[in-house]
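Chain by chain, the residues:
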Amino acid sequence: MAEQHPSYEQARQRLIEVVQLLESGSVPLSTAMELWQEGEALARSCQEWLDGARSRIEETREGIGESPAE
Amino acid sequence: MPPLSSSPEQPQPLRAVLAATKGWVERLGSVWVSGQLIELKRRSGGVTHFLTLRDPLAEVSVQVTASTQVLDAAGPIAEGMEVVALVRPTVWSRNGSLSFECSDLRASGEGRLLAAIEQRKRMLQAEGLFDRQLKKPLPFLPAAIGLITGQDSAAERDVLEVATDRWPGVRFVTRYAVMQGQGCVEQVRDALAALDREASVDVIVIARGGGSVQDLLPFSDESLVRAVFACRTPVVSAIGHEPDTPILDLVADVRAATPTDAAKRVVPDAADERQRVRQAGTRVRDAMLRLLDREAHGLQAMRSRPVLADPTGALDVHATQLRDLRARATRAAAARVREEAGWVSHTISRVRALSPQATLQRGYAILSGSDGAAVESIAAVAEGDDLLAMIADGTLHARVTHVQRRKETDG
């Protein structure tokens, strides 16, 4: 069911779900541990994606000698 | 007419002189004159109107009267036009004033030409040839531009130079034609048809420089105008200078004031476009970075929520519960043990109380036979039997030497 590489949107959506589940307190402890690990992985994934996108744009700007926006 | 004789002693009466003058002048009769109509005072509701005709070469001008009928019959005329007029000089016999009466007025030469053009214009307009909705938009960047112009003309140079300056890669397909006089209409029409057939030509420019009404006449020709109307490719008219308006200007999809203006309309300016693309790129990048910022902040907020940032919270709860449970279990167990110990202790006391040891210690003995059964009656023994006697601190082996029944009266 799950794809190899979820898109940024998919990861973000799942992260929100995980946080909501954990905060509801209604999951058994063993499941909670799994969820927490999944949450950590998703958050890392999203951060990497965002950082990657930002640096690609900055590189393009430098490449064409554009000054950063105000 | 014989001269009037007169002398200071025998003067002629004034009326006679006036009459004679009138006769002389009016003998000229009606004459067709050509001139420029420099003033036209048409009074509404009036019967007589006043014109001023001028001879441009001799700087002579004269006032002329004309009736409403004459003016209406003259056709489209306007101040500044060349006209011919049939005029008759008249002298008013009451005061000798001279005036010219016009009984026929027509546009002439250029004036006639302009009037004819005007008429044609109205006819074609009524047919709908100049309708706004029928005008085709010009392509933003044409694959090729068709150009109809005079060979080696200033118009050709202007169009080519300005267009190439704006968009260096521009491609022209040029068809030369004589741009005035004999053959102009046919050549321009043929060039138009050829360029319209050419698939790569996305827009056609017809360009020539300024000239007289006569020079620009072919561009008001009905067949040429209809050919442009029927053309599938959009046509730009760049004929003459700003004030000139041949009919081609009205039927074309775009009217350019000059050949230079036409060049500006058919190709975009490369420098402008590069600028716009650069700006668009900047805006896109700025927008993207703003979007990324928002997302990053959202993610940060998500990550700082306790369930992710400090998951031990949930664990602490369970650990505390576990500690409580163990404590309770321990307490419960200890309580049970105490309970049991109490019972055991109590029971031991009772047992001890029931034990025969105390009796034995008072000097009694428990006798049992060799079968181990306790001797409770003298009937169970006979003289000479071996008995065991259990006393407080040990066991005796005894033999019955004598049996004596107890009497009830014995203590």
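Model, not experiment: these values are computed from the prediction.

(A) Broad picture of the overall build of chain B. Summing up its helical and strand segments, chain B has 13 helices and 13 strands in all. Split into buried and exposed, the 411 residues of chain B put 30% on the buried side. Contacts in chain B between residues far apart in sequence, at least 24 positions, make up 59% of those at least 6 positions apart. When the accessible surface of chain B is totalled, it reaches about 26200 Å², and 53% of it is carbon and sulfur.

(B) Inspection of the overall build of chain A at higher detail. When helices and strands are counted, chain A shows 2 helices and 0 strands. Counting over 70 residues, chain A shows a buried share of 26%. Accessible area for chain A stands at about 4900 Å²; split by element, carbon and sulfur atoms hold 51% of it.

(C) Inspection of the nonpolar core at higher detail. By size, the foremost hydrophobic cluster in this structure holds 30 residues, and its most contacted members are I148(B), V188(B), L192(B), I204(B), I206(B), F219(B) and V235(B). When contributions to this core are tallied by element, the ones reaching two or more residues are α3 (110-127), β6 (144-149), α5 (184-197), β8 (201-208), α7 (222-230), β9 (235-239) and α8 (247-251) of chain B. With 21 residues, the next largest nonpolar core counts L15(A), A43(A), M302(B) and V307(B) among its residues.

(D) Region of interest: the interface of chain A and chain B. Counting residues at the interface gives 27 residues for chain A and 18 residues for chain B. In this assembly, chain A packs against chain B so that about 2200 Å² is buried in total across both faces, 67% of it on carbon and sulfur atoms. Taken together, the connections running from chain A to chain B amount to 4 salt bridges. With a shortest N-O distance of 3.0 Å, D293(B) and R54(A) are connected by a salt bridge. Counting across the interface, chain A meets chain B through 6 residue pairs in polar contact (both at pLDDT 80 or more).

(E) Structural context of the packing of helix α2 (residues 29-64) of chain A against helix α10 (residues 270-303) of chain B. At a closest axis distance of 10 Å, the pairing of α2(A) and α10(B) adopts a crossing angle of 160 degrees. In terms of their interaxial angle, α2(A) and α10(B) are classed as roughly antiparallel. In the crossing of α2(A) with α10(B), the sense of the turn from one axis to the other is left-handed. A per-class count over the contact of α2(A) with α10(B) returns 12 nonpolar, 2 polar and 10 charged.

(F) Summary view of the packing of aromatic side chains. Tallied over the full model, the rule gives 1 aromatic pair over all chains. Directly above the aromatic system of W24(B) lies the positively charged group of R27(B), at a separation of 4.7 Å from the ring centroid.

(G) Unusual backbone geometry, seen in detail. Residue and element names in this part refer to chain B. Positive phi is not limited to glycine here, since E59 has a value of about 55 degrees. By relative accessible area, E59 is classed as exposed at 59%. Unusually for a residue other than glycine, D152 sits at a positive phi of about 60 degrees.

(H) Structural view of α7(B). Listed in full, the buried residues belonging to α7(B) are L224(B), V225(B) and V228(B). In a view along the axis of α7(B), the buried residues occupy a sector of 100 degrees, so they form one face of it.

(I) Main features of a nonpolar patch on the surface. Residues and elements named next belong to chain B. A cluster of nonpolar side chains, L4, L14 and V17, forms an exposed patch at the surface whose accessible area comes to about 280 Å². As for its position among the elements, L4 is in the segment before α1 (14-26). Here L4 falls in the partly exposed class, since its relative accessible area comes to 47%.

(J) Examining the pairing of β8(B) more closely. Residues and elements named next belong to chain B. Of all 8 residues in β8, 7 are buried, a share of seventy percent or more. The pairing of β8 with β9 spans 5 bridges and is parallel. When the sheet's bridge partners are listed, V205 is paired in β9 with V236.

(K) Geometry of the environment of Q36(B). All names here are of chain B. Considering the arrangement of structural elements, one finds Q36 in strand β1 (residues 31-41). You can call Q36 buried: its relative accessible area is 18%. A C-alpha to C-alpha distance of 5.1 Å links Q36 and R54, two positions 18 residues apart in sequence. There is a polar contact of 2.6 Å between the side chain of Q36 and the side chain of R54.

(L) Region of interest: the sheet that holds strand β2 (residues 48-55) of chain B. Residue and element names in this part refer to chain B. Spatially, 5 strands are ordered β1-β2-β3-β5-β4 in a closed barrel, and the strand pairing comes out mixed. Taken pair by pair, the neighbouring strands of this sheet meet at an average axis angle of 55 degrees, ignoring direction. Direction of pairing for strand β3 (residues 60-67) relative to strand β5 (residues 98-107): parallel, over a ladder of 3 bridges. The residue bridging V64 from the neighbouring strand is F100, located in β5. Sitting on the sheet, α1 touches β4 (82-91) and β5, and the angle it makes with β4 is about 155 degrees.

(M) Inspection of the sheet that holds strand β12 (residues 386-391) of chain B at higher detail. All names here are of chain B. Read from one edge to the other, the open sheet built from 3 strands follows the order β11-β12-β13, with strand pairing classed as antiparallel. Whereas interior strands pair on both sides, the edge strands pair on one side only; in this sheet they are β11 (366-369) and β13 (394-399). Shown here is a sheet whose adjacent strand axes are inclined to one another by a mean of 30 degrees, direction ignored. Note: β11 against β12, 4 bridges, orientation antiparallel. Paired with L367 across the strands is A389, a residue of β12.

(N) Structural context of the pairing of β6(B). All names here are of chain B. For β6, the buried fraction is high: 6 of the 6 residues fall into the buried class. The side-chain alternation of β6 yields two buried faces, one formed by A144, G146 and I148 and the other by I145, L147 and T149. For β6 and β8, the ladder comprises 5 bridges, and the chain directions are parallel. The residue bridging A144 from the neighbouring strand is V201, located in β8. One ladder, built from 5 bridges, connects β6 with strand β7 (residues 172-176); its direction is parallel.

Conventions we followed
Residues numbered from 1 in each chain as written. Chains lettered and ligands numbered in written order. Predicted model: local features only at pLDDT ≥ 70, side-chain atom pairs only at ≥ 80, totals over all residues. Heavy atoms only, no water. Helix = DSSP H or I, 4+ residues; strand = E, 2+ residues; numbered from the N terminus. Buried < 20%, exposed > 50% of the residue type's maximum accessible area, 1.4 Å probe, protein only. Contact = heavy atoms within 4.5 Å. Areas by Shrake-Rupley, 256 points an atom, 1.4 Å probe, with all protein chains shown as cover. Core = buried A, V, L, I, M, F, W, Y, C linked by side-chain atoms within 4.5 Å. Buried area = accessible area lost by both parts, 1.4 Å probe. Salt bridge = Lys/Arg side-chain N within 4 Å of Asp/Glu carboxyl O. Polar contact = N/O pair within 3.5 Å; in protein donor to acceptor, adjacent residues only side chain to side chain. Axes fitted to C-alpha atoms, helices over the stretch in contact; angles between N-to-C directions. Parallel < 35°, antiparallel > 145°, perpendicular 65-115°, else oblique. Left-handed = near helix turned anticlockwise from the far one by under 90°. Nonpolar A, V, L, I, M, F, W, Y, C, P; charged D, E, K, R; others polar. Phe/Tyr/Trp six-rings, centres within 6.5 Å; stacked < 30°, edge-to-face > 60°. Lys NZ or Arg CZ within 6 Å of the ring centre and 35° of its normal. Arc of directions from axis to C-beta. Patch = residues over 30% accessible without salt bridge, like charges linked within 9 Å, V, L, I, M, F, W, Y side chains within 5 Å. Pairing = 2+ DSSP bridges.

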